[in-house]
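Residue-level listing of the chains:
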Amino acid sequence: MKNEKLRNLSRNSLSRLRKSKTTISTTRFHELHVKRHEFVSILFSDIVNFTPLASECTAPQLVKMLNELFGRFDKLAQENDCLRIKILGDCYYCVSGLPVSRPNHAINCVKMGLKMIDAVREVREATRVNVDMRIGIHTGNVLCGVLGLRKWQYDVWSDDVTLANHMEQGGLPGRVHVSKETLLHLNDEFNHEPGNGSLRDGYISEKKVETFLILPLKQTVHKTNSGSNRFLGELLTADHSLPEINMRASLRMSKFLDTWGADTPFANLKDKSMAKNIGETSLAMMESNLQSLPCSNDTRKWFKPEDINKVLLTFKDTQMEKDYSKQPDSTFKYSIACSGMIFICIGIVQVIMLPRSSTLFIAFGIGVTLFLFLLFVCIIDYLVNHKVMGKKVPSVVVRLTSILTYNTWCRIILSVITMATVLTTAVITVGDCNKNMNQTLNQTLGEPGTKDCFYASYYVVCCLMAMSSCTVFLQINFHAKFLVMVMAVLAYNVILHLVANDIFDRMDAITHHEARTEIFETRIKGSIYLAVHLITLHILDRQIEHTSRLDFLWKTKFKVEHEEVETMGSLTKVLLENILPAHVAAHFLQSGQHEGLYHESYDSISVMFASIPNFKEFYDQNVFNKQGLECLRLLNEIIADFDVLLSKPKFSNVEKIKTIGSTYMAAAGLQPGTKDMCTCCYIHNHNDNESMSHPIVSRTYSGQSNVSKLSACDLHVQFLAERRGLQGIPVRNNYHIIILVEFALSMMNALEGINRDSFNTFQN
């Protein structure tokens, strides 16, 4: 009757719990990471007589022995398409049909069980240690996933899982015990005999399950005899001082398991050869990328990247194009300086070879002032940062420097003004030339610098130099520079052929009046020079633009990949610390500092198993609770509330070990090297006004007593122990127990809150 009431409550408890929690907070109900899978086979195994053997082992021996055994089982699981679920002491269970459904799941589990028995038989015959395997298999449906917020462990739940567990408990050593449901999926591939599991297990008898024992394959019975005898011979030969007959069973088994050579967990985290290979791969990738730069011999590789438009050299990603155009230009001051140097060179050429008119000096005076001002504004930030000018510079000038560095449109406008200034100055004195054409052919070239412009060809030289000044602005889009240069070439051709054509014709007439050695006139040659120079500068700008965009593209991709690597590293660390205790995770993450398996021996710790005994009665699989899914949702809430308690400072020394069904396992005192500090840490983290009101303790922590703080810790713990009824336990060992007692009481309070919200009567 009681069971029936609990099952009825399970149908509506979750809905009530949701309504109750929704009134408090819409986000308090934790997400459930559980899925349902049908038609899977569950294998439970247990090493018979392993517990007395483990009691003889030291911590390193036990850890190594279990790693060798379970490492072999993991390889067998991989070979037989089984998924290892969990290890509980010397119990190992796995499932076939997860996460990918397999039609031969039952056959896989039986093969796995037979090979596990063979592996343990090999150990028994080689070491003469009385160990064996007991295997139980059942086929059905499972709910699989993780529960809680900490120490996630993938697990399976269902009535079929419970039955598979009892199939193992009701089995026989050295035999594979299967249910009738599993046998129906074997397709008569294995011989069998009646198992009579109901005679050895009450649950099987209650469920009236018919069981069978799989007959071992004949070819595997004597498979390991020769290897076992060889191992015994080698063992006796290697150590005459310890005859095999007198050697401890645990030592014999440990030595034999060493020959299996199981992998070390997380060994690849600190594998130096792997780091070396990664480094060599990175260098090869860098070399291949450098070979595809536009400065390479193969020009076909200029436009190879698929992220860049081949014609316009723009990013296909609009956001990346915006980011590229908005990047600051720290080299703008150098571009201004280079453009200013070209401007000065043009001025020198014109002063020496072309008319020295007032227009020339006024234009160059304005130009030099403009360049000096721009250069000063660009470098003022550098001067202030290096304390060359102190802090007397107006803030407006400093802000103007920042605008020039970070504002793209401001830089473009100033760059165009600078280009226009240089391009205009190159031909500014053309109007000052004397255009009187009444000279005779016998006239010779006069002195340079006069208004007769006998050396007008130097205007073409100045124009070519002025066009070169457009290329020095490296981060200005090459389309803008090309447009400016095209307009300049058109203007120069108008001057050559329309405005000042008579000047160039007179120069040609005077120069070549005796013997015409030139094929083209100066005006034609000037136009050709300008066109060729324009094409050359455009190709150069295109190469620079493509190189700059490739560099930005690689930096962006590297940044994204670097962030992804850091994120994955952080997630790996979080997940690893969520699976293992923090100090154990650090053991594997600290590359090169630790080798081998992790093991630690403790003289005094406290371990707690907290069970919800009536949850098994509450759990039921029916259509109302989605075949048990809603029951697991409630269990997830309970475990999550327990996990939340661990985040409190006073429970910082409590470590969750695992959850086994509805049982919560925790321990205190597992942090290595903190034996003397845990007590005081507990006091500082524990908000206990009652204990701190103790006269000696309070005076000690306030500095009013000669008693040491460590003694105060002892007094504090002794006081709490007396309050909790833990008299008679050594003071140094009290804090572990007190922490767990406090944690257990908090768990009971949390469970009472769940009971109130869900109208249940769970007990802890």
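Right, let's walk through the structure included here. (Residues numbered from 1 in each chain as written. Predicted model: local features only at pLDDT ≥ 70, side-chain atom pairs only at ≥ 80, totals over all residues. Heavy atoms only, no water.)

Quick look at the environment of Arg252
Working step 1: Tracing the chain through its elements places Arg252 in helix H9 (residues 249-258).
Working step 2: Note on Arg252: relative accessible area 8%, which makes it buried.
Working step 3: In this structure, the C-alpha to C-alpha distance between Arg252 and Thr127, residues 125 residues apart in sequence, is 5.7 Å. (Helix = DSSP H or I, 4+ residues; strand = E, 2+ residues; numbered from the N terminus. Buried < 20%, exposed > 50% of the residue type's maximum accessible area, 1.4 Å probe, protein only.)

Re the sheet that holds strand S9 (residues 606-611)
Working step 1: The three strands are arranged S9-S11-S10 in an open sheet whose pairing can be described as antiparallel. The sheet is open, and its two borders are formed by S9 and strand S10 (654-660), each paired with just one other strand. Strand-to-strand twist of the sheet, defined as the mean angle between neighbouring strand axes without regard to direction, takes the value 20 degrees.
Working step 2: Relative to strand S11 (residues 663-668), S9 is paired through six bridges, and the arrangement is antiparallel. The partner of Met608 across the bridge, within S11, is Ala666. (Pairing = 2+ DSSP bridges. Axes fitted to C-alpha atoms, helices over the stretch in contact; angles between N-to-C directions.)

With respect to the nonpolar core
Working step 1: If you look at the biggest cluster of nonpolar residues, it comprises 48 residues, and the most contacted ones within it are Leu423, Tyr459, Met467 and Tyr492.
Working step 2: Mapped onto this core, the elements with two or more residues apiece are helix H12 (332-353), helix H13 (358-385), helix H15 (408-425), helix H16 (457-468), helix H17 (478-499), helix H18 (501-511) and helix H19 (522-579).
Working step 3: Judged by nonpolar contacts, the second largest core, of 44 residues, contains Ala77, Ala126, Val178 and Phe212. (Core = buried A, V, L, I, M, F, W, Y, C linked by side-chain atoms within 4.5 Å.)

Some remarks on the packing of aromatic side chains
In this description, an aromatic ring pair is defined by two values, namely the gap between the centres and the angle between the planes.
Working step 1: Tallied over the full model, the rule gives 14 aromatic pairs.
Working step 2: Geometrically, the ring pair formed by Phe615 and Phe618 is tilted, given 5.7 Å between the ring centres and 45 degrees between the ring planes. Here the residue Phe615 and the residue Phe618 both occupy positions in helix H21 (residues 615-618), the gap between them amounting to three residues, near one helical turn. This pair shows no difference in class: Phe615 is buried, exactly as Phe618 is.
Working step 3: What links up through ring pairs into an aromatic cluster is the set Phe642, Phe651, Tyr664 and Phe743. (Phe/Tyr/Trp six-rings, centres within 6.5 Å; stacked < 30°, edge-to-face > 60°.)

Observations concerning unusual backbone geometry
Working step 1: Across the junction of Leu98 and Pro99, the peptide omega takes the value -15 degrees, indicating a cis bond.
Working step 2: Along the chain, Pro99 falls in the loop between strand S3 (91-96) and helix H4 (105-127).
Working step 3: Despite not being glycine, Lys151 shows a phi value in the positive range, around 50 degrees.
Working step 4: On the secondary structure map, Lys151 appears in the loop between strand S4 (132-146) and strand S5 (155-157).

These results come straight from atomic positions and should not be treated as a statement about function.
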